[in-house]
Amino acid sequence: MSRTLEWTLAGEQVLFDGERALYYPAERTLLVADTHFGKGAFFRRAGLALPTGDSSADLGRLAALVERFAAQRLIILGDVFHHRPQRDEPFLERLSAWQASQPGLALEAVVGNHDRHALGAGLDLPLRWHDQLDLGPFRLRHDPQATAGRHVLAGHVHPAHVLKVGKERLRAPVFWLREGLSVLPSFGALTGGWDVQPASSDELVMVIEGELFPLPGSIYSG
């Protein structure tokens, strides 16, 4: 068990982190997926008494990761926002302030399905947007679709897995590693997860309370 785990993808060394992030040392780039900033505020406006501060806490986690790895670039693999932001939403101001506090960091994002609402709102957002982009041998996208000649890094599905031992069940986020395609767990605190059904050739790295646990294939392919 570890909070950081070395792995090889497409012949390149990467680091998985227990905060549900991937660091690519060769490019000094930190990758996360599905932050869904503003989700708590969206549901609170609908009358649900959710706790406040989820976006601020996630920004704090990002700041700690950037500092730990001395990252020069942060790329979010889509669904930066959960909904179409309103101009007076506090998390927009917090995001701008956070970006200003990281003067040496390039902040970029792949457009996710939720982000299209934000892009159409005419807001001045502190992000450089991409439909997709290439980084070393990797193709960075939101939807996890394989691409010939590239190893795809994606998000979107919020992968999770359930371990069963007798009547006991343990469910947690996972890095879902497939041939030519790796899916990161969702980063945001309020994002939930989708239980993946891995093939026998897939690999899973489970995240439990910030620790990383590679799962032997016999656990989920038997």
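(A) Layout of the environment of threonine 4. Structurally, threonine 4 is set in strand 1 (residues 4-9). A sequence separation of 12 residues divides threonine 4 from phenylalanine 16, and the C-alpha atoms of the two residues are 5.6 Å apart. The residues touching threonine 4, leaving out its near neighbours within four places in the chain, are Leu15, Phe16, Asp17, Arg68 and Leu212. Separated by 3.4 Å, the side chains of threonine 4 and aspartate 17 make a polar contact.

(B) View of the confidence of the model for the chain. Predicted confidence across the chain gives a mean pLDDT of 85, with 82% of residues reaching 70 or more. Here residues 46-51 scores under 50 on pLDDT; set against residues more than four positions off or in separate chains, the count is five contacts.

(C) Structural view of the sheet that holds strand 6 (residues 106-110). The sheet built from seven strands is open, its strands ordered 1-2-3-4-5-6-7 with mixed pairing. A strand with exactly one partner marks an edge of an open sheet, and here the two such strands are strand 1 and strand 7 (128-130). Neighbour-to-neighbour, the strand axes of this sheet turn through a mean angle of 25°, independent of strand direction. Pairing of strand 3 (residues 21-24) with strand 4 (residues 29-32), which is carried by three bridges, proceeds in the antiparallel orientation. By the bridge assignment for strand 4, leucine 22 is matched with leucine 31.

Conventions we followed
- Residues numbered from 1 in each chain as written.
- Predicted model: local features only at pLDDT ≥ 70, side-chain atom pairs only at ≥ 80, totals over all residues.
- Heavy atoms only, no water.
- Helix = DSSP H or I, 4+ residues; strand = E, 2+ residues; numbered from the N terminus.
- Contact = heavy atoms within 4.5 Å.
- Polar contact = N/O pair within 3.5 Å; in protein donor to acceptor, adjacent residues only side chain to side chain.
- pLDDT = per-residue confidence, 0-100.
- Pairing = 2+ DSSP bridges.
- Axes fitted to C-alpha atoms, helices over the stretch in contact; angles between N-to-C directions.

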